[in-house]
Amino acid sequence: MQAITAFVSTFITGLTDSVKGVSLFIELIKQNNELRKAFRKSVVLNIFVLAFSILIIEYVIFPLFSLLLSLVSSFLFPDTAKQNIEMVTMVTTLVWYVVNGLWVLPLLWISKIINILTFQKMAVAAYKTTFPVNKQSRSPNHNLNISLTAHISRLLADCIFRMVIELLFMLQSLCISFIPVVGSIVYLLHLSILNALYAFEYKWMHQGIETKAMLRYIQCGWPYFIGYVSILTLATYIPSSFVISACIYSAFFPIYIVSAYPAKVKLSHHAIPQLKIFTLSSMITDRMFVRSARSPTLDRRTAVKEVAQSIPDSSMDTTD
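Residue indices begin from 1 for each chain and proceed along its sequence in written order. Selection of residues for local features in this predicted model requires a pLDDT of at least 70, selection of side-chain atom pairs for listing and counting requires 80 or more, and totals for whole chains, interfaces and linings are taken over all residues. Excluding hydrogens and water, the side-chain values take into account all heavy atoms of the structure.

### Notes on the overall build of the protein chain
This is how the line gets drawn: Segments assigned H or I by DSSP are reported as helices when at least four residues long, segments assigned E as strands when at least two residues long, and all are numbered from the N terminus. We call a residue buried when its accessible area falls under 20% of the maximum for its residue type, exposed when it is over 50%, and partly exposed in between, using a 1.4 Å probe and counting protein chains only. All accessible areas in this document rest on Shrake-Rupley with a 1.4 Å probe, and a residue is counted as covered only by the protein chains that are shown.
The helix and strand tally for the protein chain stands at 13 helices and zero strands. Shown N-terminal to C-terminal, the secondary structure of the protein chain runs as helices and strands in the order α-α-α-α-α-α-α-α-α-α-α-α-α. Counting only residues that meet the buried cut, the protein chain has 44% of its 320 residues in that class. For the protein chain, the computed accessible surface area is about 17,500 Å², with 71% contributed by carbon and sulfur atoms.

Okay, here's the thing in structure tokens:
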């Protein structure tokens, strides 16, 4: 019972922090004209151009095309109804792949590039707003311009290491989704954890935190992080179309990046064990990179203490 109460309390704290961050996001948009324009372009591209084009193609153009093709084939070949249906299905499928290859996929990749630039601008602006100059100076990477060039090899290696872990973790979640009965629930859990890592990694990179510390932090405070991204995860999980989910994610993800900076992260109560969900993907990545310094297996109390020391967040609550 104590574990359930602690989980609900920590989950609600994460959800509340994500909602509170909306005010900071609105403040940044109002103050910075460049950010306002960038966010507006991102929303227009993801929602009104990409998402609407997919909806129109899938639910208007293709049904009308299929209907028109059926009528024409029935009129020209009235004695071959079964063959007509097969022909209409084959042609419609072929046209669908051609349209996706020539229009949807290129537009999706263009939007990804634009989104990356927008997310980075939002992250830097949120960092400067949340951590004034006197606080930024305490961080290992307080100078954002210098942090991009100093220790470049180490930063690049850690970035690649994190990208591989995220890719393997995504594959892990897809494999788990095929498990009967519980697969969809466990997949949703993986998706929430991954979204939380995506949202907070901008803040932690500015604080000079390496990937291993990020993963331990999430595994110690997983109820908080699940609550933090719960709305975004459900909003992207419900649509059946991958492209529509990607559009929703790209349009609203900047809010979660900005909300992460002032968030008062609360690590799990002692009654809630660590969720060692990155163990497999981290172990495989370790072997791929042949990392000489592998992280030892830590109990919950030791892990929480190490995380609290490694992440310079004065608002962090580690109370048992």
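### A word on a nonpolar patch on the surface
Condition: Patch members must show over 30% relative accessible area and no salt bridge, and they are joined within 9 Å when carrying like charges or within 5 Å when they are nonpolar side chains of Val, Leu, Ile, Met, Phe, Trp or Tyr. A pair is scored as a salt bridge if a Lys or Arg side-chain nitrogen falls within 4 Å of a carboxyl oxygen belonging to Asp or Glu.
A cluster of nonpolar residues, Val44, Phe48, Val49, Phe52, Leu55, Ile56, Tyr59, Val60, Ile61, Leu64, Leu67 and Leu71, forms a patch on the protein surface that exposes about 1,100 Å² of accessible area. Relative to the helices and strands, Ile56 resides in helix H2 (residues 33-76). By relative accessible area, Ile56 is classed as partly exposed at 42%.

### Some details on helix H8 (residues 211-220)
Burial runs high along H8: 10 of the 10 residues are buried. Three or more residues of H8 are buried, namely Thr211, Lys212, Ala213, Met214, Leu215, Arg216, Tyr217, Ile218, Gln219 and Cys220.

### Comments concerning the pattern of salt bridges
For the structure shown, the criterion picks out two salt bridges. Among the ionic pairs, Arg162 bridges to Glu201, the shortest N-O distance being 2.9 Å. With Arg162 in helix H6 (residues 152-176) and Glu201 in helix H7 (residues 183-206), the pair connects residues that are 39 residues apart, well separated along the chain. Of the residues examined, Glu201 reaches a relative accessible area of 12% and is grouped as buried. In this structure, the salt-bridge partner of Asp286 is Lys212, at a minimum N-O distance of 3.1 Å. Residue Asp286 is found in helix H12 (residues 279-289), and its partner Lys212 is found in helix H8; the two are separated by 74 residues along the sequence.

### Let's talk about the packing of aromatic side chains
This is how it is decided: Within 6.5 Å between ring centres, the rings of Phe, Tyr and Trp (the latter by its six-membered ring) count as paired, and their orientation is classed by plane angle as stacked under 30 degrees, edge-to-face over 60, tilted in between.
All told, the structure shown has 14 aromatic pairs when counted by the stated rule. Measuring from ring centre to ring centre gives 5.8 Å for Tyr228 and Tyr256, while their planes differ by 80 degrees; the resulting arrangement is edge-to-face. Pair noted here: Tyr228 is in helix H9 (residues 222-228) and Tyr256 is in helix H11 (residues 242-260), with a separation of 28 residues, a long-range link. We classify Tyr228 as buried; its relative accessible area is 0%. Note on Tyr256: relative accessible area 9%, which makes it buried.

### A short note on the packing of H7 against helix H10 (residues 230-237)
What counts here: Axis geometry follows a simple rule: fit a line to the C-alpha atoms, using only the stretch in contact for helices, then measure angles between N-to-C directions, giving values from 0 to 180 degrees. Small angles under 35 degrees read as roughly parallel and large ones over 145 as roughly antiparallel, with 65 to 115 read as roughly perpendicular and the rest as oblique. Two helices that cross are described as forming a left-handed crossing if the nearer one is turned anticlockwise from the farther one by less than a right angle, and a right-handed crossing if clockwise. Any two residues having at least one pair of non-hydrogen atoms within 4.5 Å are treated as being in contact. Any residue that is not Ala, Val, Leu, Ile, Met, Phe, Trp, Tyr, Cys, Pro, Asp, Glu, Lys or Arg is counted as polar, Gly included; the first ten are nonpolar and the last four charged.
Packing of H7 against H10 brings their axes to within 9 Å, and their N-to-C directions diverge by 125 degrees. Classified by the interaxial angle, the pair formed by H7 and H10 is oblique. When you trace H7 past H10, the crossing you get is right-handed. When H7 is examined against H10, the residues Ser184, Tyr187, Leu188, Leu191, Ser192 and Asn195 are found in contact with a partner set consisting of Thr233, Leu234, Thr236 and Tyr237. Tallied by class, residues from the contact of H7 with H10 come to five nonpolar, five polar and no charged.

### Considering the environment of Gln172
For Gln172, the position within the fold is in helix H6. A relative accessible area of 14% means that Gln172 is categorised as buried. Along the primary structure Gln172 and Phe278 are separated by 106 residues, whereas in three dimensions their C-alpha atoms are 9.6 Å apart. Discounting chain neighbours no more than four positions away, the residues touching Gln172 are His190, Ile277, Leu280 and Ser281.

### Concerning the environment of Glu201
For the pair Glu201 and Ile257, spaced 56 residues apart in sequence, the C-alpha to C-alpha distance is 8.6 Å. Contact partners of Glu201, with chain neighbours within four places excluded, come to Arg162, Glu166 and Met214.

### Quick word on the nonpolar core
What counts is decided by this rule: We define the nonpolar core as a collection of buried residues of types Ala, Val, Leu, Ile, Met, Phe, Trp, Tyr and Cys that are connected through side-chain atoms lying within 4.5 Å of one another.
Grouped together as the largest cluster of nonpolar side chains are 53 residues, with contacts concentrated most on Ile193, Phe200, Trp204, Phe225, Tyr228, Phe253 and Phe278. When residues of this core are traced back to their parent elements, those giving at least two are helix H1 (2-31), H2, helix H3 (81-130), H6, H7, H8, H9 and H11. With nine residues, H7 is the single largest residue contributor to this core.

### Describing H7
Defined as follows: For a helix, the expected span equals 1.5 Å multiplied by the number of residues minus one. The angle between axes fitted to the seven residues ending at a residue and the seven residues starting there is what we call the bend at that residue.
In this model H7 runs 35 Å from its N-terminal to its C-terminal C-alpha over 24 residues, within 8% of the 34 Å that 1.5 Å per residue would give. The principal kink in H7, of about 40 degrees, is found at Phe200. Note on H7: the residue one or two positions beyond its end, Gly208, has a positive phi of about 80 degrees.

### Topic: the packing of H7 against H8
Two elements in contact, H7 and H8, have axes whose closest approach is 11 Å; the angle formed by their N-to-C orientations is 130 degrees. By the angle between their axes, H7 is oblique relative to H8. H8 is crossed by H7, and the crossing has right-handed handedness. For the pair H7 and H8, the contacting residues are Ile193, Ala196, Leu197, Glu201, Trp204 and Met205 in the first and Met214, Leu215, Tyr217 and Ile218 in the second. Looking at the contact of H7 with H8 residue by residue, the classes come out as nine nonpolar, no polar and one charged.

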